[in-house]
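Residues per chain are reported as follows:
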Amino acid sequence: LMDLTKRLLEIQTLLKSIEQSDSGTSKSISMQLPSIVVIGSQSSGKSSVLEAIVGQEFLPKGNNMVTRRPIELTLIHEPGLETPYGEFPALGLNKMKDFKAIQRTLVDLNNSVPDSECVSDRPIELRIHANNIPDLRLVDLPGYIQITNRKQPEMLKHRIRMLCEKYLVEPNIILAVCAADVDLANSEALLESRRIDPLGMRTIGIITKVDTVEPREAVRMLSQSDYPLHLGYVGVICKPVKHKSDHNLEKNTEVVLSEARYFQKNLEFRRPDISVGVGFLRKKLVNVLEESMSRSLSGLVDAVQADLEETKYEIKVQYNDERITAESYMTECIDIIKQRVKQFKQNFGKTQVRSEIQKYMDSRIISICEELYWNDPRAYQMGEHVLGGSSRGWLSETLSNVTHAVSVIATAIESALTEIDKANVGSTVSPSNNGDNGYQYNNSAKKRRAIKKKNDDEFSELGRVPNNRNEQKDVWSTENDIYWDHKLDRAASMLVKSGIGRNTTKLVVDLIMDRIYEIVDTPPFSYHPDARNRVVKMASEILRSKYMSTVEQVENTIKPFKYEIEYESRDWDAARASSIELLDREIEMCKKEIKKEKSKVSKRQLNESMKLVKQAVDSGVKFNNVLTEIISRQETPRRQEFDNVDNLQENDVGKSENNNVVGKNSAGQGQFIDMDLVINKEALRSAVQVISLQNYSQTLQFRKQVVSSSACAKAENKKFCMEVFLELLSQKLAYSAVLFINYELLQDFFFEVPRNLDVQMYNLYRNEAGKVAKTFANQNPKIKAHLALLERKERLENVMERLARIVRAQNLAESYKNNW
Ligand code: GDP
């Protein structure tokens, strides 16, 4: 007819899979459709009955075999099917034609429940397709009855009972299996079913092993009225009965035959008020189930409708009815990346790149000037010469002397402190102290002093170190011009040959990669580590493939600048303005550094230390004097104390019986003294640093004055205004570098990235079906939840449609019946 059971079984399967995919929700709509639940004590013949209904041997058997998980068995009638097969959908095991293999799988699944748990309520889903079975849904339960018969703790009995009760609820049909050779009054299955279904409204009694009792006795049992059941009893024989006439009946298909013969032979069974035979049982089950299904239909429709509405409401509230798919989400992600790259491209044109390169060039100019000019004592004389009368009496004399002196003093102080540190390292008091504890030495100051020393050497080579003011002022010879021309050549060549191709390209590549990291490390890509890594890899591969050629191109284009550089007066003016800005920035940086340095130690300590250093500078003290000064003023009293501790310790070690105590005491005390030393050392070092920075700042200001003077407005004075000349040169270099970096690197990069992005992403996440796999979308928890909800809605809608068709067909049948 209309295959109500079959269709509703399909719906039940659909609902079950919906319920399985949304974890946590407790309500179960699928349970609104009836199943036939089989209960019976061990050896009552439960398995034999189930196998007889299916017509296959597939259940685990043997005395030790106890069902530990519910087996949810769906029988699907397929008329044209030649070979029957079974399926475990949850395991992905499809079309198993070997029923022995099905049996083994069931044994394994049962054994997967550890002994300690005894039973599990995780059902085993098994579907069997055949042409000779009815559409049915049967559940084989863990035999709580079998197990309670054994010596099990109460807790476990309780758990088994709970599990079984879950399945014995309405509208399920209970199949109570009782063996004919056991008194019905003692049947555990009947006792249990009566507890849950007292009126026997949905219980079918199965009397098995009818052949083991006298036919008269069997008939009495089947027609008895002591335990009436609304759905009645059915007697079956599920084992070939040994009969005189036929001996070799072993196959299952012949069981039924043998049963039929037995009931035919014994005329006692030919009564209208009793029912026997597996064939009859099947039909009865089909009818009972279909009736029950039909009754459940309207309730089910309501439940599914309610669930669907709820799901829709949730989509509306949580996601504002937004429709997405795994594919659309991925496309959106790729678009976001493309958009960000595009934005980056817009903000990273030639102008931005040039300014970045110029920053790099400026830092090169600073270090070249430091190395060749700012620490050169003759630079002050030269400055004076350039400024002529307009000099504000700037320190030229003091500066030159002070710079030199600070440098000497700083070296001396450092040596003195190192000496003290060495002494500490040697002592037993604080062996861990390596002299640099708690102190960060400013490298640039150290470097400046090193450069200073080099310059002094250079001067010696040149013959003469000017140290007298008059001498400096009076003599401006051609020798001086040659000296500064030579210096300018050197400075220019240092700038041009400093590996500009490699450094600027590297700079731009690093900037690009930094931005790429930023782009992929913010949502949504931060949810997708594989995709993120792929983008990073792709970007760096593109850059790497262009890197060498860009470096070479840039080097080639700047080659001419190594020999000559052409410029106009407005170039010079622009460069002069930039170089003043550069000096300003450097002066500002000095201020900040000084402030930072001052914050490191207490004001009092710093002032005291600065006084000390300045005194040393003013008096032009020599190394030894400084050393003595420091030790006598700051350290000596404590050193003596320190030595005393040493002595004390040594004496005590000799005398004491308990070395540990002495060691501990002395170490503690030693540490205290050492801490004190470190604080003083820090103050001293900060003092040197501050003075050195102040000095540097003054130099910069002096140079700013020189560059700002009218002399430096003229390009022919370039040898006195090397900051301007270097700035000019750097601007030319930056301009050329940018041209080629833009052409060789940026354009290709921004062209290739969006194109590669699509290909790479879709390749990474395409599944076998060629579609975008859900794995990508599911990495983002919010999207995952959204997609799950949308899918739930879709599946519920599908169920609803099917249900509507069934209801329509039923109504049609109903009205047909009524009209006739
Ligand atoms: P379960 O433990 O309840 O699953 O019972 P089984 O189906 O394993 O059957 C227990 C025993 O009873 C087995 O040895 C079966 O061969 C036997 N048995 C089952 N049905 C019949 C029957 O109808 N007649 C006879 N004589 N023996 C049967």
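Everything discussed here concerns the structure shown above.
All values reported here derive from a predicted model rather than from experimental measurement. (Residues numbered from 1 in each chain as written. Predicted model: local features only at pLDDT ≥ 70, side-chain atom pairs only at ≥ 80, totals over all residues. Heavy atoms only, no water.)

**Topic: the environment of Tyr735**
Put simply, the rule reads: Put simply, DSSP marks the helices as runs of H or I at least four residues long and the strands as runs of E at least two long, and each gets a number from the N terminus on.
Inspection of the secondary structure puts Tyr735 in helix H23 (residues 722-765). Between the C-alpha atoms of Tyr735 and Val353, which are 382 residues apart in sequence, the distance is 9.7 Å.

**What about helix H1 (residues 4-21)?**
Just so we agree on the cut-off: The span expected for a helix works out to 1.5 Å for each residue beyond the first. When a residue's accessible area, from a 1.4 Å probe over protein chains only, is under 20% of the maximum for its type it is buried; when over 50% it is exposed; and in between it is partly exposed. Contact definition: two residues touch when any of their heavy atoms are within 4.5 Å.
Under the 1.5 Å per step criterion, the end-to-end length of H1 is 26 Å for 18 residues, consistent within 8% with the ideal 26 Å. All of the buried residues along H1 are Leu4, Thr5, Lys6, Leu8, Leu9, Ile11, Gln12, Leu15, Lys16, Ile18 and Glu19. Along its buried surface, H1 packs onto strand S2 (71-77), strand S5 (124-130), strand S6 (136-140), helix H9 (278-319) and helix H25 (781-819).

**Description of the sheet that holds strand S1 (residues 36-40)**
The condition is simple: Two strands pair under a simple rule: DSSP has to find at least two bridges between them. Axis geometry follows a simple rule: fit a line to the C-alpha atoms, using only the stretch in contact for helices, then measure angles between N-to-C directions, giving values from 0 to 180 degrees.
Taking strand neighbours across the sheet as the criterion, the nine strands line up as S4-S3-S5-S2-S6-S1-S7-S8-S9 in an open arrangement whose pairing is mixed. Across the chains shown, the open sheet's two edge strands, defined by having one partner strand only, are strand S4 (93-96) and strand S9 (233-235). Each strand axis lies, on average, 20° off the axis of its neighbour in the sheet, ignoring direction. Along the sheet, H1 contacts S2, S5 and S6; its crossing angle with S2, the most-contacted strand, is approximately 140°. Each of S1, strand S7 (173-179), strand S8 (203-208) and S9 is contacted by helix H6 (residues 188-196), which is oriented at about 155° to S7, the strand it contacts most.

**Thoughts on the nonpolar core**
The condition is simple: In this text, buried Ala, Val, Leu, Ile, Met, Phe, Trp, Tyr and Cys residues form a nonpolar core when linked through side-chain atoms within 4.5 Å.
Judged by nonpolar contacts, the single largest core of 117 residues is most densely connected at Ile357, Tyr373, Val508, Ile512, Phe525, Leu733 and Phe749. No other element matches the 20 residues that H23 contributes to this core. Setting aside residues up to four positions removed in sequence, Ile512 forms contacts with Phe344, Phe348, Leu543, Leu745, Leu746 and Phe749. Judged by nonpolar contacts, the second largest core, of 60 residues, contains Val38, Leu138, Val177 and Leu308.

**A few points about the pattern of salt bridges**
Threshold: Just to be clear on terms, a salt bridge is a Lys or Arg side-chain nitrogen sitting within 4 Å of an Asp or Glu carboxyl oxygen.
In total, this model carries 36 salt bridges according to the counting rule given. Taking the shortest distance from any N to any O, the salt bridge between Glu588 and Lys591 comes out at 3.7 Å. With Glu588 and Lys591 both in helix H19 (residues 569-600), this residue pair falls three residues apart, about one helical turn. Among the ionic pairs, Arg795 bridges to Glu791, the shortest N-O distance being 3.2 Å. Highlighted residues: Arg795 and Glu791, both in helix H25, separated by four residues, approximately one helical turn. On the basis of relative accessibility, which here comes to 23%, the residue Arg795 falls in the partly exposed class. Taken together, the shared-partner salt bridges in this structure form one network comprising Lys16, Glu72, Glu125 and Arg137.

**Focus: the site of the ligand**
Quick note on the threshold: Near is defined per residue: the residue qualifies when any heavy atom it owns lies within 4 Å of the molecule or strand. Side-chain atoms alone can form a polar contact between residues adjacent in sequence; in general such a contact is a pair of N or O atoms within 3.5 Å, and within protein one must be able to donate a hydrogen while the other accepts it. The method behind every accessible area is Shrake-Rupley, applied with a 1.4 Å probe, and residues are considered shielded solely by the protein chains displayed. Throughout, the ten residues Ala, Val, Leu, Ile, Met, Phe, Trp, Tyr, Cys and Pro are labelled nonpolar, Asp, Glu, Lys and Arg are labelled charged, and all others, Gly among them, are labelled polar.
Around the ligand, a shell composed of 14 residues is seen, among which Ser43, Ser47, Ser48, Asp211 and Cys238 lie nearest. A distance of 3.3 Å is found between an oxygen atom of the ligand and a side-chain nitrogen or oxygen belonging to Lys209. About the coverage of the ligand: the protein hides 76% of its 580 Å² of free accessible area. Classifying every residue of the shell around the ligand by side-chain character gives two nonpolar, eight polar and four charged.

**Structural notes on the packing of helix H12 (residues 378-387) against helix H16 (residues 478-496)**
The description of two packed helices rests on the angle between their axes and on the distance between the axes. Definition in use: Geometric relationships in this document are graded by angle, where less than 35 degrees denotes roughly parallel, more than 145 denotes roughly antiparallel, 65 to 115 denotes roughly perpendicular, and other angles denote oblique. Handedness of each helix crossing follows the sense of rotation of the near helix against the far helix: counterclockwise by less than a right angle gives left-handed, clockwise gives right-handed.
Interhelical geometry of H12 versus H16 gives an angle of 115° and a closest axis separation of 12 Å. Classified by the angle their axes make, H12 and H16 are roughly perpendicular. The crossing of H12 and H16 is left-handed. Residue-level inspection shows Arg378, Ala379, Gln381 and Met382 of H12 in contact with H16, the latter providing Glu479, Asn480, Tyr483 and Trp484. Of the residues assigned to the contact of H12 with H16, the class counts are four nonpolar, two polar and two charged.

**Re the environment of Lys546**
In this fold, Lys546 is placed in helix H18 (residues 529-558). On the accessibility criterion, Lys546 (16% relative accessible area) is buried. Between the alpha carbons of Lys546 and Leu745 there is a distance of 6.0 Å; along the sequence they are 199 residues apart. Those residues in contact with Lys546, other than ones at most four positions away along the chain, are Glu744, Leu745, Asp748 and Glu752. In this structure the side chain of Lys546 is engaged in a polar contact, spanning 3.2 Å, whose partner is the side chain of Asp748.

**Some points on the side chain of Lys793**
Summarising the element assignment, Lys793 is placed in helix H25. In contact with Lys793, other than residues within four places in its own chain, are Leu308, Thr311, Lys312, Ile315 and Arg323.

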